[in-house]
Amino acid sequence: MQGLIIGDNFSDNPRTSIARANGAHRIASLLRKKNFQVEVIDFFNSWTIDELKLFVNKFNQLDFLGISITLGKLDNYKVNVLIELVKQLNPNIKIIAGGSNVLLNKFNQVDLYFKGFADGAIDDLVKYLETSNKDCFNVYEIKTHDIKNVINCTRDYGNYDLSNLKTEYTNNDFISNKETLTLETSRGCIFKCKFCSFPLTGKKKNDYIRTKEDIKSELVENYKKWGVTKYLITDDTFNDNLTKVESIYEISKEIDFKLNFMCYARVDLLRANPKSLDMLVNAGVRGMFFGIESVNEITGRHIGKKFTGDRLKNYLTFLKTKYQQLHLDRKSTRLNSSHGYISYAVFC
């Protein structure tokens, strides 16, 4: 079977950043292992209608179209035009959509929506694409601008092995050695913050973690094939488990190229585990985003953040002093005059 998957992580115009939709490539990698032929259209919002027509017309057969919806928003008009184009090529083509924001759209003629991580649903998805039979799924309907047939992957496909989570690219993806690719070393977070709506929060420490060798093989393969050395680690909280920090540190010493990466981290854990910061810096970290929801101690207690106030500000000053390459920046979202701001820290 042959199909397309489209995706885009950014809806800004003009673009403020360029990043591939990792979810699209992850699902494509899994389907290729099932002997499916899959092409991924990255940066979908930047394609013109004429370019989409030319691309679709090169196919003699298309059995499915996948729509990957992650952090960014896909252009509704262009998606619906593409759906019409592939329907002209094959009126019986399956249209499927998936991702974290999968229900926030006004797409037409979508057969199934996969809400959440769809890795565990691949076997049933293959059955559906091959037979058109939806009986393998627990489908429920949600009314938005139309009736959406939805599969809740977090609920129905949550028990799967994430120790091997390798994403593989092809020559048709045209990967550049100057790119920053995304990398998953785990999913979920051991914390369960009151304001967080992400899935898989409150997990056990070693749940949903990739093996060191699996991560290393992905990094080495991307370097050998495309010359890529830069990554954004997409784990919700990369330093919630010292095992992950140790693994990336050990990998950085075993490979024959200089690794550079950014990640999301909790500043209180860096303070509690000083050696973890040293390992991250030596492994090649160039940016860390800290979720500092407030520096107000009363607000911190209400949201379950105990490390705030002067202790937090003094530690950030300590980081700046010890690591001269650390550039502290601040994005302010005022909660009110006494509750502080949201900020992040990055390495230059």
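All of these numbers come straight from a predicted model, not from anything done at the bench.

Chemist: Which residues make up the sheet that holds strand β7 (residues 147–152), and what are the values?
Modeler: Pairing within the open sheet is mixed, and its seven strands lie in the order β2-β1-β3-β4-β5-β7-β6. Strand pairing shows two members of the sheet lacking a second neighbour, β2 (37–41) and β6 (140–143), which therefore form its edges. On average, each strand axis in the sheet is tilted by 25 degrees relative to the strand beside it, whichever way the strands run. One ladder, built from three bridges, connects strand β4 (residues 94–99) with strand β5 (residues 112–115); its direction is parallel. Bridge pairing in β5 links alanine 97 to tyrosine 113. Packing of helix α3 (residues 76–89) onto the sheet brings it into contact with β1 (2–7), β3 (64–69) and β4, and relative to β3 it is tilted by some 165 degrees. Sheet strands in contact with helix α4 (residues 122–131) are β3, β4 and β5, and its direction is about 160 degrees off that of β4.

Chemist: Can you lay out the side chain of serine 252 for me, pointing to particular residues and giving the numbers?
Modeler: Among the secondary structure elements, serine 252 is positioned in helix α7 (residues 242–254). If sequence neighbours within four positions are ignored, serine 252 has contacts with Asn282 and Ala283.

Chemist: Just give me the short version of α4, but keep the residues and values in it.
Modeler: Within the span of α4, buried status applies to Ile122, Asp124, Leu125, Val126, Tyr128 and Leu129. Contact partners of the buried residues in α4: α1 (22–32), β3, β4 and β5.

Chemist: An account of the pattern of salt bridges is requested, with residue identities and associated values reported.
Modeler: Taken as a whole, this structure holds 19 salt bridges when the rule is applied. Salt bridges here are not isolated pairs; linked through shared partners, they connect Lys212, Lys216, Glu250 and Glu254.

Chemist: I'd like to hear about unusual backbone geometry, residue by residue, with values.
Modeler: For phenylalanine 43, which is not a glycine, the phi torsion comes out positive at approximately 55 degrees. Inspection of the secondary structure assignment puts phenylalanine 43 in the loop between β2 and α2 (49–56). Phi at phenylalanine 174 takes a positive value of approximately 50 degrees, unusual for a residue other than glycine. With respect to the secondary-structure elements, phenylalanine 174 resides in the loop between α5 (153–156) and β8 (180–183).

So, how was this worked out
- Residues numbered from 1 in each chain as written.
- Predicted model: local features only at pLDDT ≥ 70, side-chain atom pairs only at ≥ 80, totals over all residues.
- Heavy atoms only, no water.
- Pairing = 2+ DSSP bridges.
- Helix = DSSP H or I, 4+ residues; strand = E, 2+ residues; numbered from the N terminus.
- Axes fitted to C-alpha atoms, helices over the stretch in contact; angles between N-to-C directions.
- Contact = heavy atoms within 4.5 Å.
- Buried < 20%, exposed > 50% of the residue type's maximum accessible area, 1.4 Å probe, protein only.
- Salt bridge = Lys/Arg side-chain N within 4 Å of Asp/Glu carboxyl O.

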